[in-house]
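Here is how the chains run, residue by residue.
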Amino acid sequence: MVALVRTTDRGLFCEAGGFYIDPWKAVSRAVITHGHTDHARWGHKRYLSSPTGAVVLNARFGRQVEGLIDALPYGERQRFGDVVVSLHPAGHVLGSAQVRVEHASSGETWVVSGDYKTQDDGVSEPFEPVRCHTFITESTFGLPVYAWRPQAEVMAKMNAWWRANADAGRTSMVACYALGKAQRIMAGLDPTIGPILMHGALARCTAAYREAGVKLPGVAVATQESVRAASGRAMVLAPPSAVRSPWAFNLVKRNAVKDLATAMASGWMQIRGARRRRSLDTGFALSDHADWHGIMSSIEATGAESIGVTHGAIGPVVRFLNEKGKHAFAVPTRWEGEAGAEEGGGTGEADGDDHQEEQGLLLGEGGDA
Amino acid sequence: MKRFAQLFEELDASSGTADKVAALVRYFSSAPAEDAAWALALLTGRRVKRAVNYTQLYAWAAETSGYPEWLIGESHGAVGDFSEVLSLILPPPTAPADLSLREVIQGRIVSMARHEETHKKAMVLKTWDQLDQRGKFIFHKLISATFRVGVSRLLAVRALSQVAGVAQEEMDHRLMGEWSPTAEFYRSLMRPPDEGGDGRGVNWNPYPFFLAHQLEDTAFIGENLGPVAQWQAEWKWDGIRGQLIKRAGRVALWSRGEELLTERFPDLLETADRLPDGTVLDGELLAWENGRPLPFADLQHRINKRQPTGLLFADVPVIFRAYDQLEERGEDLRARPLRERRAILEGVVRRFGGPLLQVSEVLEVASWEALAELRSGSRDRNVEGIMLKHLDSAYGVGRTKTTLIDSPQRAGWWKWKVDPYLVDCVLTVAQRGSGRRASLFTDYTFAVWTGPQGGEGELVPIAKAYSGLTDQEILKVDAFVREHTTGRLQGGGGRLVEPRLVFEIAFEGIAASPRHKSGVATRFPRMKRWRTDKKSEEADTLGFVKGLLAQHVRSSGVKG
């Protein structure tokens, strides 16, 4: 078996096709699985992404990627060198894609999952397993303690929490990533409870979702006036770094502790220790990554003989699969062991994803790059 | 269980006392009496006797969930809490039931304890199949006797007094002494206010303790504290701070952690009983022998026995060394200057004290230099250093906010601890932290060289430490550990690390220990500084460390 994709110092490389997947250094051809800044950077010569992924990239990087993106609709095939590439929904965020690479002559097929989740969140294109010989899966939450509750149940809890706060005259604030999580929450909140507002850093990504045709309730940018006018009934969505910042405290009246209830929505909130060290009032375990069962069922569904494991709990997942009689191997990434090393072509706005979050928790306010 | 799990979650998530009391009030106003009684027992620190051990639970959970034990172990590394890991990996119940707290404790845990293992296993599996994740979490905490929650007795009292509609002092009084967690007891707690007297009952609460600031460097004294004659100097005892209260013909002894220790020291209470009503003394509980305190461990041994046996009495006599008087014949003295309070204290203890109740002596010195000389001998006396208290200072609340350099006496009390031992050590093993730091490598093992010089021989561990670094430094060390792992320890998530990082480790004491490979045990080790300027071969040797031990033993022996 010839490796169709391998790790290099620039990122995952497909030599037969002459392209990189989510490279972290500038390359001539980058296939981008999704718009989080640890996967998508500016500075490459050409980009390939799904059409909705392109909308997100344009919203995030603007002129830096203008005219450089080739959009490839889900399921359509395009030839690169000796391979045929197609993109398939990953269910992670709007426009997120798994990358299928098929060798033109041998028919050998690999799929790189990128980040994915198996639950349909209602705002991104739902995950579809793709048959292949080798499946490279992420493993951010690759331990059996991570088992998500259905989204409707988590959102019902969040709405109940919001309603209780509103009835007590306390403004609610939920920390969530700017791309994906924020819009997923907007779509699941109950607008009859009060107005939904957001931190300015969420505006561009939210606009991209609307542009791509996703139906979201009306959400204005939070200001002191709009928050106070709601007299404690507002729900404010904000990036994690902003939730315990002067910006947040200035929004509410009198006493920031009494007048503001804070929470975070992230897969890490499944764990009590992670909730506690955030010093927030509560946490909602809502993740855009597959949980343990999601990873295992996806692996089954691909029918792959060989499984590459990357990004997260690599060791345990590889060992577990090997003990189950599968052929599994580790695919190292730059993120292993480089805590919070996020830099690169980010737009500077508070963004990020669960990968960085794990390290960011300890830092409290400044956790996001 | 749902109601109690909800209470636990609310207490766990809130940091403010008002929120905690509100959560307690919600619970106690709605819970049935038989559950509330158990909840109160747990909140005030009672334990249910452990019915099964971790190994058993691990094996049964592996079997029930179908996951290999090593995978549960890996999960433990990420979560940091045994009870939580098991609650998360076990399948959801197929026969869900909202068991009552009383049923879980009495009907399951207590009743299975006397049966053999097969019965225990059946009970545990049955309970797993009924409880949801949060219920399982609490069940595991209870069955392994690791249930702890951050609520002081005073907060519980405050909540109960609100629910019952009686004064806090009266509720406090009702909760004193021995009681069993029964519905009858709980109902009697909740009875309407008692008749008679002024209706207020007796206040058994201690005053808030006044705390000292730490003197970081000696130069500060000369520059800021003024003449030594304005200060009262005493030994800084290494015991348990406490308030001894005599009111309405009864004695109460409180620790600084607001724990009522009254029943643990019956011999001391006999003496204290002679004190006049309306007396409150602040002082230190010490295990005492031949004119000097015994090591803290001896005292702790005694504290952990609820009902000390005669043997232990004789072994570890406990005395109360009083250093302040807060109340005299019912009058609050705290606003009066220390010199007046001290005079009153000395009078009271001279009249009513005895071998077990003495004043903490004042160190009479003519100069700061003479005091520094005394301080340097602290270790030989088993004390931690010296306390400095301004003679004009009032008895404040907590640690005063003001540490104004221009008015150090406003800070009132200072602790001038003896300098710690300092040894440069090499980090050799890193383990994940727990709770807040569960996903980071924050707990380290430190080693020194066995050869005649640094870099020679092998590295042998002398201390484990997890405090002293900033969050930023922890992240750097964590990243280093992940990149420089050379192996894993068996069981648990320990990583062997390339011996490259050097830290200055401070510790308070050192003792010979045959149990440790190095032959020494260190007390209160912590990271003082990350010596980024040093290479591992510049770290200290075991010979150097044993030299400290020899000094310590020799000086203790001479003056004992």
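Novice: Is there a simple way to explain the overall build of chain B in this structure?
Specialist: Helix and strand counts for chain B stand at 20 helices and 20 strands. Split into buried and exposed, the 560 residues of chain B put 54% on the buried side. If you take every contact in chain B between residues at least 6 apart in sequence, the share linking residues at least 24 apart comes to 71%.

Novice: Looking at this structure, I do not really get the overall build of chain A. What am I missing?
Specialist: The secondary structure content of chain A amounts to eleven helices and 19 strands. A separation of at least 24 residues holds for 61% of the contacts in chain A among residues at least 6 apart in sequence. Per element, the accessible surface of chain A, about 13,100 Å² overall, is 51% carbon and sulfur.

Novice: What should I look at first to understand the packing of helix α10 (residues 314-323) of chain A against helix α5 (residues 69-79) of chain B in this one?
Specialist: Two quantities define a packed helix pair, namely the angle between the helix axes and the distance between the axes. The N-to-C vectors of α10 of chain A and α5 of chain B enclose an angle of 170°; their axes lie 11 Å apart at closest approach. With respect to each other, α10 of chain A and α5 of chain B are oriented roughly antiparallel. The residues of α5 of chain B that touch α10 of chain A, namely those facing P316, R319, F320 and E323 of chain A, are W70, L71 and E74 of chain B. Classifying every residue of the contact of α10 of chain A with α5 of chain B gives four nonpolar, no polar and three charged.

Novice: When you look at the pairing of strand β12 (residues 171-175) of chain A in this model, what are you seeing that I'm missing?
Specialist: Every other side chain in a regular strand lies on the same face of the sheet, so the side chains alternate between the two faces. Residue and element names in this part refer to chain A. Counting buried residues in β12 gives five out of five residues, a clear majority hidden from the surface. Of the two faces of β12, the one lined by T171, M173 and A175 and the one lined by S172 and V174 are each fully buried. The sheet contact formed by β12 and strand β16 (residues 260-265) spans five bridges and is parallel. The residue bridging T171 from the neighbouring strand is L260, located in β16. Note: β12 against strand β15 (residues 235-238), four bridges, orientation parallel. Paired with S172 across the two strands is M235, which belongs to β15.

Novice: When you look at the interface of chain A and chain B in this model, what are you seeing that I'm missing?
Specialist: Interfaces are often sized by the amount of accessible area the parts lose when they come together. Counting residues at the interface gives 25 residues for chain A and 32 residues for chain B. Roughly 2,700 Å² is buried in total at the junction of chain A and chain B, and carbon and sulfur atoms are behind 59% of that figure. Counting every contact that joins chain A to chain B gives three salt bridges. A salt bridge links D12 of chain B to R272 of chain A; the shortest N-O distance between them is 2.7 Å. At the junction of chain A with chain B, the criterion picks out six residue pairs in polar contact (both at pLDDT 80 or more). Listing elements by their share of the side of chain A that touches chain B, those giving two or more residues are α8 (272-277), α9 (292-302), α10 and α11 (354-363) of chain A. Looking at the side of chain A that touches chain B, its residues break down into twelve nonpolar, five polar and eight charged.

Novice: How should the sheet that holds strand β9 (residues 97-103) of chain A be read in this particular structure?
Specialist: The strands making up a sheet are joined through hydrogen bonds of the backbone, oriented either antiparallel or parallel. Residue and element names in this part refer to chain A. Within the open sheet, the seven strands sit side by side as β7-β8-β9-β10-β11-β18-β19. Their pairing is mixed. In this open sheet, the two edge strands, each paired with only one partner strand, are β7 (78-80) and β19 (327-330). Strand-to-strand twist of the sheet, defined as the mean angle between neighbouring strand axes without regard to direction, takes the value 25°. Pairing analysis gives three bridges linking strand β10 (residues 109-112) to strand β11 (residues 134-139), with the strands arranged parallel.

Novice: What should I look at first to understand the nonpolar core in this one?
Specialist: All names here are of chain B. Of all hydrophobic cores here, the largest spans 124 residues; its most connected members are F28 and L101. Here this core takes nine residues from helix α3 (residues 33-43), the largest share from any one element. Sequence-distant contacts of F28, defined by excluding residues within four places in its chain, comprise A36, A39, L40, L43, L160, V163 and Y186. With 48 residues, the next largest nonpolar core counts W235, I240, L244 and V348 among its residues.

Novice: How should the environment of F185 of chain B be read in this particular structure?
Specialist: All names here are of chain B. Assignment of secondary structure puts F185 in helix α12 (residues 183-189). Assessed through its relative accessible area of 14%, F185 is described here as buried. Put simply, F185 and E34 are 151 residues apart on the chain and 9.1 Å apart in space, counted from C-alpha to C-alpha. Setting aside chain neighbours within four positions, we find F185 in contact with L40, R174, L175, W179 and S180.

Novice: Mind showing me how you'd approach the sheet that holds strand β6 (residues 69-71) of chain A here?
Specialist: Residues and elements named next belong to chain A. Pairing is mixed in the open sheet, where six strands are placed in the order β1-β2-β3-β4-β5-β6. Among the strands making up the open sheet, the edge pair consists of β1 (6-8) and β6. Across the sheet, the axes of successive neighbouring strands diverge by a mean angle of 35°, strand direction being ignored. Taken together, the three bridges between strand β4 (residues 29-31) and strand β5 (residues 46-49) define a ladder with parallel strand orientation. The residue bridging V31 from the neighbouring strand is L48, located in β5.

Novice: Help me understand the packing of aromatic side chains, please; the structure alone is not making it clear to me.
Specialist: Where two aromatic rings form a pair, the distance of their centres and the angle of their planes describe that pair. Evaluated as defined, the whole model comprises 29 aromatic pairs over all chains. The interplanar angle of 65° and the centroid separation of 4.9 Å between the aromatic rings of F141 of chain A and Y146 of chain A together place this pair among those described as edge-to-face. Here F141 of chain A matches Y146 of chain A in class, with each residue buried. Ring centres of Y27 of chain B and F28 of chain B lie 5.3 Å apart, and the angle between their planes is 80°; on these two criteria the pair is classed as edge-to-face. Among the residues examined, Y27 of chain B registers a relative accessible area of 3% and is labelled buried.

Novice: Where do I start with helix α2 (residues 17-30) of chain B in this structure?
Specialist: Given 3.6 residues per turn, any residue in an α-helix points the same way as the ones three and four places further on. Residues and elements named next belong to chain B. With 14 residues, α2 ought to run about 20 Å at 1.5 Å a step, and its terminal C-alpha atoms sit 20 Å apart, in line with that. Residues K20, V21, A23, L24, V25, Y27 and F28 constitute the buried set of α2. Among the structural elements, α1 (2-13), α3, α7 (101-112), α10 (153-164) and α12 are those in contact with the buried residues of α2.

Novice: Mind showing me how you'd approach the pattern of salt bridges here?
Specialist: Pairing is possible between side chains that carry opposite charge, provided their charged atoms lie close to one another. All names here are of chain B. Across all of its chains, the model carries 43 salt bridges over all chains by this definition. For E9, the salt bridge goes to R134, with nearest N and O atoms at 2.8 Å. With a gap of 125 residues between them, E9 in helix α1 and R134 in helix α9 (residues 133-143) connect regions that are remote in the sequence. A relative accessible area of 31% places E9 in the partly exposed class. A residue is classified by how much of its surface remains accessible, and R134, at 25% relative accessible area, is partly exposed. Among the charged side chains, a network of salt bridges with common partners joins D424, E504, R529, R531, D533 and K534.

Novice: Please clarify how the packing of α2 of chain B against α3 of chain B should be interpreted in this entry.
Specialist: All names here are of chain B. The geometry of α2 relative to α3 is characterised by a closest axis approach of 9 Å and an angle of 150° between their N-to-C directions. Looking at the two axes, α2 sits roughly antiparallel to α3. Considering the relative orientation of α2 and α3, their crossing is left-handed. Listed contacts from α3 to L24, Y27 and F28 of α2 are D35, A36, A39, L40 and L43. Counted by class, the contact of α2 with α3 contains seven nonpolar, no polar and one charged residues.

Novice: For this particular structure, what's the right way to read unusual backbone geometry?
Specialist: Trans peptide bonds make up most of the peptide bonds, and negative phi angles are found at most residues other than glycine. For S231 of chain A, which is not glycine, the phi dihedral falls at a positive 35°. For S231 of chain A, the location among the structural elements is in the loop between α5 (224-229) and β15. What makes S231 of chain A exposed here is its relative accessible area of 51%. Of note, the phi angle at N382 of chain B is positive, near 60°, even though the residue is not glycine. Residue placement: N382 of chain B occurs in the loop between α18 (368-376) and β10 (385-390). Judged by relative accessible area, which is 23%, N382 of chain B ranks as partly exposed.

Novice: Which parts of the structure should I look at to understand the pairing of β9 of chain A?
Specialist: Residue and element names in this part refer to chain A. Of all seven residues that make up β9, seven are buried, and the element is covered over most of its length. Burial along β9 is two-sided: A97, V99, V101 and H103 and Q98, R100 and E102, pointing in opposite directions, are all buried. Summarising the sheet, strand β8 (residues 83-89) and β9 pair through seven bridges and their orientation is antiparallel. Considered in β9, the bridge of S86 is made with R100. The sheet contact formed by β9 and β10 spans four bridges and is antiparallel.

Novice: What am I meant to see in α1 of chain B here?
Specialist: Residues and elements named next belong to chain B. Across its twelve residues, α1 extends 16 Å between first and last C-alpha, which sits within 8% of the 16 Å expected from 1.5 Å per residue. When α1 is considered as a whole, its buried residues turn out to be F4, A5, L7, F8, L11 and D12. When α1 is viewed along its axis, its buried side chains cluster within an angular range of 155° and face the same direction.

Basis of the calculations
Residues numbered from 1 in each chain as written. Chains lettered and ligands numbered in written order. Predicted model: local features only at pLDDT ≥ 70, side-chain atom pairs only at ≥ 80, totals over all residues. Heavy atoms only, no water. Helix = DSSP H or I, 4+ residues; strand = E, 2+ residues; numbered from the N terminus. Buried < 20%, exposed > 50% of the residue type's maximum accessible area, 1.4 Å probe, protein only. Contact = heavy atoms within 4.5 Å. Areas by Shrake-Rupley, 256 points an atom, 1.4 Å probe, with all protein chains shown as cover. Axes fitted to C-alpha atoms, helices over the stretch in contact; angles between N-to-C directions. Parallel < 35°, antiparallel > 145°, perpendicular 65-115°, else oblique. Nonpolar A, V, L, I, M, F, W, Y, C, P; charged D, E, K, R; others polar. Pairing = 2+ DSSP bridges. Buried area = accessible area lost by both parts, 1.4 Å probe. Salt bridge = Lys/Arg side-chain N within 4 Å of Asp/Glu carboxyl O. Polar contact = N/O pair within 3.5 Å; in protein donor to acceptor, adjacent residues only side chain to side chain. Core = buried A, V, L, I, M, F, W, Y, C linked by side-chain atoms within 4.5 Å. Phe/Tyr/Trp six-rings, centres within 6.5 Å; stacked < 30°, edge-to-face > 60°. Expected span 1.5 Å × (residues − 1). Left-handed = near helix turned anticlockwise from the far one by under 90°. Arc of directions from axis to C-beta.

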